[in-house]
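Next come the chains, spelled out residue by residue.
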Amino acid sequence: MKITIITVCYNRKATIENAILSVLNQNYCNIEYIIVDGNSTDGTKEIIESYRDKINQFISEPDKGMYDAINKGLKIATGDIVGLMHSDDEFYDKNVIDRIIERFNSDSTIDGVYGDGVYVSNDKEERLIRDRIGGVFSLKKIKKGWLPLHPTVYLKKSVIEKNGLYSLDFKIASDTEFLLRYLYKYEINMSYINSYIVKMRMGGISTNLKYALEVLNEDYKIYKFHGLTAFKAVFLKKTIALKQYLTH
């Protein structure tokens, strides 16, 4: 079974190499690796080029933002399974993809899998900031603001072709719309892996407090669009996140 991993980036010189090595060092062999760069100017492209012989597809051109770049990768992906490795992140260990493929192989009815993740400080110490345990999926939990951690989600390519790409109507929270559409609207068959998938560094767009208000605004619009009680769902979603921060 082939799995496609997509990394999108723009001016991520400090972290892109770790992300690349995290993918290349996986023990699973049948990996298609795609990198979509937004025409970086800080040396990121040069780092990527140094690994060019190990990267299946490399695109570097201006885009309309992160989700446009992800969509470019999805359109050219040829794997049976597709997932993301953000440029600030790393796989938790070298056996992550083995565990993901094993779960898909165990049940042909599974549309997607997800697992756990950790947020760490953006320094050499990598202090644990937040422990993100996914837990078993349910529609009831989604209505209360729960969603799986986006970088831990892996989906069958056929399911993506059926249910659509990321919306470009949202700059920061399109992953929320994507997950709600797939899990809540279309109720795809998701399976939880009780294991760490990804290690995320604080400082990326999704963890930057500078964007907190914009994320709240987009989340509200997204939950409302999908017919959920928007204020309640967003409030509970942020409450869950705050509790996770405070416990560490």
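For the structure itself, look to the data block above.
Rules used in this analysis
Residues numbered from 1 in each chain as written. Predicted model: local features only at pLDDT ≥ 70, side-chain atom pairs only at ≥ 80, totals over all residues. Heavy atoms only, no water. Helix = DSSP H or I, 4+ residues; strand = E, 2+ residues; numbered from the N terminus. Buried < 20%, exposed > 50% of the residue type's maximum accessible area, 1.4 Å probe, protein only. Contact = heavy atoms within 4.5 Å. Areas by Shrake-Rupley, 256 points an atom, 1.4 Å probe, with all protein chains shown as cover. Polar contact = N/O pair within 3.5 Å; in protein donor to acceptor, adjacent residues only side chain to side chain. Phe/Tyr/Trp six-rings, centres within 6.5 Å; stacked < 30°, edge-to-face > 60°. Lys NZ or Arg CZ within 6 Å of the ring centre and 35° of its normal. Salt bridge = Lys/Arg side-chain N within 4 Å of Asp/Glu carboxyl O. Pairing = 2+ DSSP bridges.

(A) View of the overall build of the protein. The number of helices and strands found in the protein is 9 helices and 9 strands. In the protein, buried positions account for 54% of the 248 residues. Excluding contacts between residues fewer than 6 apart, the proportion of contacts in the protein whose partners are at least 24 apart in sequence is 75%. Of the roughly 11,900 Å² of accessible surface on the protein, a fraction of 52% belongs to carbon and sulfur atoms.

(B) Spatial organisation of the side chain of T152. Relative to the assigned elements, T152 resides in the loop between α5 (139-143) and β8 (154-156). By relative accessible area, which is 0% here, T152 ends up buried. One polar contact links the side chain of T152 to the main-chain carbonyl oxygen of L149, over a distance of 2.7 Å. Apart from the residues lying within four places of it in its own chain, the contact partners of T152 are V113, Y114, G115, D116, G117, I197 and V198.

(C) Seen up close, the packing of aromatic side chains. Tallied over the entire structure, the rule returns 7 aromatic pairs. Aromatic rings pair up to connect Y67, Y166, F178 and Y182 into one cluster. Taking the ring centre of W146 as reference, the NZ or CZ of K141 above it sits at 4.5 Å.

(D) Main features of helix α7 (residues 174-185). Judged by how many residues are buried, α7 sits mostly within the fold: 11 of 12 residues are covered. Among all positions in α7, only S174, D175, T176, E177, F178, L179, L180, R181, Y182, L183 and Y184 are buried. Looking one or two places after α7, you find E187, whose phi comes out positive at around 50°.

(E) Quick look at the pattern of salt bridges. Throughout the structure, instances matching the rule amount to 7 salt bridges. Here R99 makes a salt bridge to D93, at a shortest N to O gap of 3.1 Å. On the basis of relative accessibility, which here comes to 22%, the residue R99 falls in the partly exposed class. Overall, the relative accessible area of 26% leaves D93 in the partly exposed class.

(F) Layout of the pairing of strand β3 (residues 57-60). One ladder, built from 4 bridges, connects strand β2 (residues 31-37) with β3; its direction is parallel. Counterpart to I35 in the pairing with β3 is F58.

(G) Main features of the environment of H86. Mapped onto the elements of the fold, H86 is located in the loop between β4 (81-84) and β5 (89-91). Sequence-wise, H86 and I16 are 70 residues apart; in three dimensions their C-alpha atoms are separated by 8.7 Å. Leaving out residues up to four positions away in the same chain, H86 has contacts with T7, A19, H150 and P151.

(H) Fine view of unusual backbone geometry. Non-glycine residue N39 carries a positive phi angle of around 70°. Structurally, the position occupied by N39 is in the loop between β2 and α2 (44-49). Given a relative accessible area of 30%, N39 falls into the partly exposed group. Even without a glycine there, the phi angle at E187 is positive, about 50°. Of the residues examined, E187 reaches a relative accessible area of 51% and is grouped as exposed.

(I) Spotlight on the environment of E126. Looking at the element boundaries, E126 is found in the loop between β6 (112-120) and β7 (128-132). What makes E126 partly exposed here is its relative accessible area of 26%. Once the C-alpha coordinates of E126 and R201 are considered, the two residues, 75 residues apart in sequence, prove to be 8.0 Å apart. In this structure E126 touches E90, V120, S121, K199 and R201, once residues within four positions along its chain are discounted.

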